[in-house]
Structures are given as structure tokens and as C-alpha cells.
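This is what each chain is made of:
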Amino acid sequence: MTKAARTGRGIAVEKLTGIRDRVRLRKPQRVTLSSWSFHQLGSVLAYKARRAGVPLVEVDPRYTSQTCNGCKHRDKRNRPNQETFLCRSCGVVAHADHNAALNIAERGAEGWGAVNRPHAASLCNQ
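Right, let's walk through the structure included here. (Residues numbered from 1 in each chain as written. Predicted model: local features only at pLDDT ≥ 70, side-chain atom pairs only at ≥ 80, totals over all residues. Heavy atoms only, no water.)

**Looking at the pattern of salt bridges**
For step 1, the next point in the chain: This structure, assessed with the given rule, holds 3 salt bridges.
For step 2, the next point in the chain: The closest approach of N and O atoms between Arg62 and Asp60, which form a salt bridge, is 2.6 Å.
For step 3, the next point in the chain: For Glu106, the salt bridge goes to Lys72, with nearest N and O atoms at 3.0 Å. With Glu106 in helix α5 (residues 96–111) and Lys72 in the loop between β2 (56–59) and β3 (84–86), this pair connects stretches of sequence that are 34 residues apart. (Salt bridge = Lys/Arg side-chain N within 4 Å of Asp/Glu carboxyl O. Helix = DSSP H or I, 4+ residues; strand = E, 2+ residues; numbered from the N terminus.)

**Quick look at the packing of aromatic side chains**
For step 1, the next point in the chain: For the structure shown, the criterion picks out 0 aromatic pairs.
For step 2, the next point in the chain: Directly above the aromatic system of Tyr63 lies the positively charged group of Arg74, at a separation of 3.7 Å from the ring centroid. (Phe/Tyr/Trp six-rings, centres within 6.5 Å; stacked < 30°, edge-to-face > 60°. Lys NZ or Arg CZ within 6 Å of the ring centre and 35° of its normal.)

**Thoughts on α5**
For step 1, the next point in the chain: Taking 1.5 Å as the rise per residue, α5 with 16 residues should run 22 Å; its terminal C-alpha atoms sit 23 Å apart, in good agreement.
For step 2, the next point in the chain: Within α5, burial applies to Ala96, Asn99, Ala100, Ala101, Asn103, Ile104, Ala105, Gly108 and Ala109. (Expected span 1.5 Å × (residues − 1). Buried < 20%, exposed > 50% of the residue type's maximum accessible area, 1.4 Å probe, protein only.)

**With respect to the side chain of Asp75**
For step 1, the next point in the chain: Looking at the element boundaries, Asp75 is found in the loop between β2 and β3.
For step 2, the next point in the chain: At 2.9 Å, the side chain of Asp75 forms a polar contact with the backbone nitrogen of Arg77.
For step 3, the next point in the chain: Sequence-distant contacts of Asp75, defined by excluding residues within four places in its chain, comprise Gln66 and Arg88. (Polar contact = N/O pair within 3.5 Å; in protein donor to acceptor, adjacent residues only side chain to side chain. Contact = heavy atoms within 4.5 Å.)

**Describing helix α4 (residues 38–52)**
For step 1, the next point in the chain: The terminal C-alpha atoms of α4, which comprises 15 residues, lie 21 Å apart, in line with the 21 Å expected from a rise of 1.5 Å per residue.
For step 2, the next point in the chain: In the segment just after α4, Gly53 is the residue with positive phi, at about 70°.

**Some words on the pairing of β2**
For step 1, the next point in the chain: In β2, alternate side chains face the same way, and those of Val57 and Val59 are buried while those of Leu56 and Glu58 on the opposite face are not.
For step 2, the next point in the chain: By the bridge criterion, 4 bridges tie strand β1 (residues 9–14) to β2 in an arrangement that is parallel. Residue pairing for β2: Ala12 is matched across the bridge by Val57. (Pairing = 2+ DSSP bridges.)

Just distances and angles here, no functional claims.
Put into C-alpha cells, the structure is as follows:
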């Protein structure tokens, strides 16, 4: 929050509602996911952002991990494994989470509108 406030940026996060229904996990990981309060995390983020005067927007996370941040090509095969992103169109190779974070940040910036649009701070840039 401090860096976003200092640099005049906003924060974009993916919508956490329904995450338990969207995520497929192995049995031992389900206990950890079920015991974590996503609502509480969202509430704390919203509170801290308001307090710091930082815009916070939740974006639809669909296809952020399958879409190339460079050329916008979306393909399920762009994710050959959990951590690697390889664009089948332009050949960009990146860490899958970093590519998805850039897509979320871009969607966040679009969500703020064209007037006085802050730059979305990606967690990868901190």
C-alpha cells in the first residue's frame, strides 16, 4: 500500500469470490484452502487501500494465466506446466504467475476508466 500511495498507483487483485469452486487441488491442499478466509483478506485489503487513499479494484481472473500479456493471444496450451508461460503466437516465455499478474494489472487499469487513471501496481514490481 505504501508504495502504491507514494507512486500514485492503484492496486488490482483478482476477485476472490467463488475461489473455492474455481480451484482444483489435491486432498491435502484442500484443508489449507478451506481454512483460509478469502473474505477476510478482501476486507483487509479494502480497508488498507481506503486508509491509504489507494484505488483498489477487483477484476475477473478468467484466462489471465492463458493470455499473453504481450500479444494478447489466448490458448490453453500457453501454459505447458504450472510455472511456465509460453505464448504459442509470439513466442514470449515468462513465469506464469508474472504473466497473469501483468494481465490483472492491465484489467485493473481498464477498470479505473480513462480519466485520472492510476497505473496498476503489480506485486511483481514491488
